Amino acid sequence: MNNCTFIIMGATGDLAKRKLIPAIYNLIVKNKINKCAIVGVARSEQKSKALLNLSKPFIKRKEKSVLNKLEKAFHYISIDFNDFSEYKKIVHTLDEVEKKQGLSGNRLFYLATLPEQFDSITKHLSKSNLTKTKGWSRVVYEKPFGNDLKSAKKINKCIQRVFKEDQVYRVDHYLSKEIVENIVFIRFANTVFEPLWNRKYVDNVQIVLSEKLGVEKRGNFYDKTGALRDVVQNHLLQLLALTAMEEPERLSADNIRDEKARILKKVKTKDVLLGQYEQYTKESNVEKNSRTETFAALHLEINNTRWKGVPFFLKTGKKLEKNQVSILIQFKRPKCLLDPCPEATNRLEIRIQPDLGFAIELNAKSPGESKTMPVKMNFCHSCLFAANTPSAYETVLQAVINGDQSRFVRNDEIEYQWKAIDRIKSKKHNVHTYKQGSDGPKALEKFTKQHNMRWNV
Ligand SMILES: NC(=O)c1ccc[n+]([C@@H]2O[C@H](COP(=O)([O-])OP(=O)(O)OC[C@H]3O[C@@H](n4cnc5c(N)ncnc54)[C@H](OP(=O)(O)O)[C@@H]3O)[C@@H](O)[C@H]2O)c1
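Residues numbered from 1 in each chain as written. Predicted model: local features only at pLDDT ≥ 70, side-chain atom pairs only at ≥ 80, totals over all residues. Heavy atoms only, no water.

### Topic: the packing of aromatic side chains
Applying the stated criterion to the full structure yields 16 aromatic pairs. Ring geometry for F379 and F385: centres 6.4 Å apart, planes at 55°, overall tilted. Residue F379 is classed as partly exposed on the basis of its relative accessible area, which comes to 23%. A residue is classified by how much of its surface remains accessible, and F385, at 37% relative accessible area, is partly exposed. An aromatic cluster is defined as three or more aromatic residues linked by ring pairs; in this entry it consists of Y222, Y277, Y280, F295 and Y434. Of note, R138 hangs over the ring of W136, and the distance from its end group to the ring centre comes to 4.1 Å. K315 extends its terminal NZ or CZ atom over the ring of W455, reaching a point 5.1 Å from the ring centre. (Phe/Tyr/Trp six-rings, centres within 6.5 Å; stacked < 30°, edge-to-face > 60°. Buried < 20%, exposed > 50% of the residue type's maximum accessible area, 1.4 Å probe, protein only. Lys NZ or Arg CZ within 6 Å of the ring centre and 35° of its normal.)

Put into structure tokens, the structure is as follows:
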């Protein structure tokens with residue numbers, strides 16, 4: 001069975017507290033790891049126990065014996081990531097705890113900190129020989145991976161100098177959501193969809209990530225980032241790549257990532273609409289005259305034989321009327337043999353949030369009438385499996401322990417994603433104001449009309 005040492009760089013942060021520690025707890029409860037040590041590293045002075053206590057409210061179904069195990073396994077060290085001389089504290093702690101707990105030297109380094117720290121931590125981990133161990137050593141990089149193509153290339157170069165690509169795990173936690181993994185299963189474990197999955201039968205594809213929340217306490221980060229960099233560059237483009245990729249030779253990490261990279265390379269932007277919610281500039285830590293976009297609607301095309309001419313519409317925004325993450329495959333209208341012709345067309349909707357599942361809409365006969373009506377065949381994943389569904393971060397950690405890179409983004413994919421965003425950012429776009437709780441700026445109506453489509457929200 002697996003055993004390893006988790007080294008969380010950024011252990012006092014929000015991600016470690018809310019997601020990573022609870023995910024490790026769940027792996028212990030489910031016996032996915034039998035022995036582990038957790039070494040938290042950050043700048044603040046903290047006591048291990050006090051720091052661990054901050055995570056407890058985020059741990060569900062607490063069991064006393066497992067909490068005790070977690071407490072025994074947890075150690076905290078305070079260092080400045082930029083000061084190489086302090087890394088010897090990590091070396092000593094790891095040697096000590098691995099020996100004491102009889103661990104085999106498998107090390108999972110999780111960089112739960114800002115991308116500005118990635119270069120420095122990468123170099124120092126390597127130079128201090130922390131990644132040279134008798135077990136495996138793998139390094140996980142949180143999103144965002146840089147803030148444009150240039151910075152992402154710089155981080156990739158720094159990593160490539162010291163680590164092999166098979167040691168490197170770039171996180172996009174959307175890829176570890178159960179229903180997102182299901183996209184591959186829907187497509188390749190069934191014969192009914194693949195023959196239709198192309199320009200001959202698909203009218204358009206819509207990928208939506210809308211949130212009711214605003215920027216909350218993240219004003220400082222968000223104002224420098226905006227919707228395009230925060231979610232389009234990563235989650236939305238990865239969902240697009242999974243939906244549009246060709247059938248991989250095998251479902252191996254490299255084959256899947258080869259196919260996704262081919263799609264990302266071919267993405268062309270046809271139309272862009274940006275927006276900002278009213279009162280955004282009154283949020284704390286946001287510039288008073290900020291033009292940062294909190295909304296984006298995009299029309300993209302994939303220039304290959306399968307998809308040429310099929311619009312891929314992406315939409316995301318904050319302070320919108322609904323919380324929704326979904327992918328819609330809208331099929332073309334059938335030849336009309338009936339009178340009246342069916343109004344609805346077939347649709348496959350993959351729901352990622354808030355409820356998980358997928359549904360296909362078909363036309364059936366309306367009882368007692370000679371006309372059609374749309375009917376829905378629904379698979380509700382949340383209804384059947386909610387309690388057993390692992391959290392995305394549990395899946396992330398489990399995959400790293402298993403050495404499975406299929407849920408992680410390769411260097412070339414990241415760079416194509418940034419290229420697409422940099423191209424949009426290099427052009428000047430109006431940023432339209434929109435009402436909080438609406439479906440976006442007024443200009444969205446024109447966008448929708450122009451593209452002869454209807455959003456699935
Ligand atoms: N929070 C989430 O749910 C979430 C989700 C997805 C992605 N992410 C990404 O994950 C990363 C971390 O997010 P977060 O929300 O946890 O950020 P955060 O709360 O600001 O935490 C940053 C961590 O890095 C440490 N740190 C920063 N500079 C340091 C230095 N020079 N030396 C030592 N420690 C240093 C901080 O330590 P001190 O506080 O002790 O100084 C803190 O532990 C970000 O890139 C974020 O975008 C977060």
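More follows now that the structure is in view.
### As for the state of the cysteines
If you walk through the whole model with that rule in mind, you get 2 disulfides. Note on cysteine connectivity: C336 is disulfide-linked to C341, with sulfurs 1.9 Å apart. Here the disulfide of C336 and C341 is left-handed, its torsion about the S-S bond being about -100°. Look at C341 and you get partly exposed, because its relative accessible area is 42%. Note that C380 is cross-linked by a disulfide to C383, the S-S spacing being 1.9 Å. Disulfide C380 to C383: torsion about the S-S bond roughly 85°, handedness right-handed. Exposure remark for C380: the relative accessible area of 16% places this residue in the buried category. (Disulfide = S-S within 2.5 Å.)

### Description of the sheet that holds strand β12 (residues 347–353)
Across the sheet, 9 strands lie side by side as β14-β13-β12-β11-β7-β10-β9-β8-β15; this open sheet has mixed pairing. The sheet is open, and its two edges are formed by β14 (372–380) and β15 (431–434), each paired on a single side. Averaged over all adjacent pairs, the angle separating strand axes in this sheet is 20°, with direction ignored. Inspection of the sheet shows strand β8 (residues 267–277) paired to β15 by 4 bridges, in the parallel sense. Of the residues in β15, the one forming a bridge with Y277 is Y434. (Pairing = 2+ DSSP bridges. Helix = DSSP H or I, 4+ residues; strand = E, 2+ residues; numbered from the N terminus. Axes fitted to C-alpha atoms, helices over the stretch in contact; angles between N-to-C directions.)

### Brief notes about the nonpolar core
One finds M9, I90, L125 and L239 to be the most contacted residues of the largest nonpolar core, which totals 82 residues. The residue makeup of this core includes at least three contributed by each of domain 1 (3–142) and domain 2 (175–450). The residues touching I90, leaving out its near neighbours within four places in the chain, are I7, M9, V41, I77, I79 and L130. Membership of the second largest hydrophobic core comes to 38 residues, among which are I21, I28, Y76 and I401. (Core = buried A, V, L, I, M, F, W, Y, C linked by side-chain atoms within 4.5 Å. Domains from an automatic or database assignment. Contact = heavy atoms within 4.5 Å.)

### Some details on helix α7 (residues 178–188)
With respect to burial, α7 is a largely interior element, 8 of its 11 residues being buried. Residues of α7 that are buried: I179, V180, E181, N182, I183, V184, I186 and R187.

### Some words on the sheet that holds strand β2 (residues 35–42)
Spatially, the 6 strands line up as an open sheet ordered β3-β2-β1-β4-β5-β6, and their pairing is parallel. On the outer flanks of this sheet lie β3 (74–78) and β6 (168–170), each paired with one strand and no other. Adjacent strand axes in the sheet meet at a mean angle of 20° when their direction is disregarded. Judged from the 5 bridges that link them, strand β4 (residues 107–111) and strand β5 (residues 137–141) form a sheet pairing that is parallel. What sits directly across from Y110, in β5, is V140. Against the sheet, helix α11 (residues 392–402) engages β1 (3–9), β4, β5 and β6, with an angle of about 140° to β4.

### Some words on the domain arrangement of the protein
Taken domain by domain, the protein comprises domain 1 (3–142) and domain 2 (175–450). Spacing between the C-alpha centres of domain 1 and domain 2 amounts to 33 Å. Between domain 1 and domain 2, the contact holds 19 residues from the first and 12 residues from the second. Here domain 1 and domain 2 share an interface that buries about 1,300 Å² over both sides, 69% of which is from carbon and sulfur atoms. Put simply, domain 1 and domain 2 have 1 salt bridge between them. With its nearest N and O atoms 2.6 Å apart, the salt bridge here joins K30 to E394. Applying the counting criterion to the domain 1 and domain 2 interface returns 5 residue pairs in polar contact (both at pLDDT 80 or more). Mapped by element, the contributors of at least two residues to the side of domain 1 that touches domain 2 are β1, α1 (14–29), β4 and β5. Looking at which element gives the most residues to the side of domain 1 that touches domain 2, the answer is α1, with 7 residues. Here the side of domain 1 that touches domain 2 is built from residues that sort into 12 nonpolar, 1 polar and 6 charged. (Buried area = accessible area lost by both parts, 1.4 Å probe. Salt bridge = Lys/Arg side-chain N within 4 Å of Asp/Glu carboxyl O. Polar contact = N/O pair within 3.5 Å; in protein donor to acceptor, adjacent residues only side chain to side chain. Nonpolar A, V, L, I, M, F, W, Y, C, P; charged D, E, K, R; others polar.)

### With respect to the side chain of R170
Within the element layout of this structure, R170 appears in strand β6. For R170, the side chain forms a polar contact with the side chain of N156, separated by 3.1 Å. At 2.7 Å, the side chain of R170 and the side chain of E165 are in polar contact. With sequence-adjacent residues up to four places away left out, R170 is seen in contact with Y141, F145, N156, E165, F408, V409, R410, N411 and I414.

### Brief notes about unusual backbone geometry
Omega for the bond connecting D339 with P340 falls within 30 degrees of zero, at 5°, which places this linkage in the cis form. Note on placement: P340 falls in the loop between β11 (324–331) and β12. Residue P354 is reached from Q353 by a cis peptide bond, and omega for that bond is 0°. Along the chain, P354 turns up in the loop between β12 and β13 (357–365). Unusually for a residue other than glycine, E216 sits at a positive phi of about 50°. Summarising the element assignment, E216 is placed in the loop between β7 (202–210) and α8 (219–244). Accessibility expressed as a relative area gives 43% for E216, which makes it partly exposed. Positive phi, normally seen in glycine, also occurs at K319, with a value near 55°. Looking at where K319 falls in the secondary structure, it is placed in the loop between β10 (312–317) and β11.

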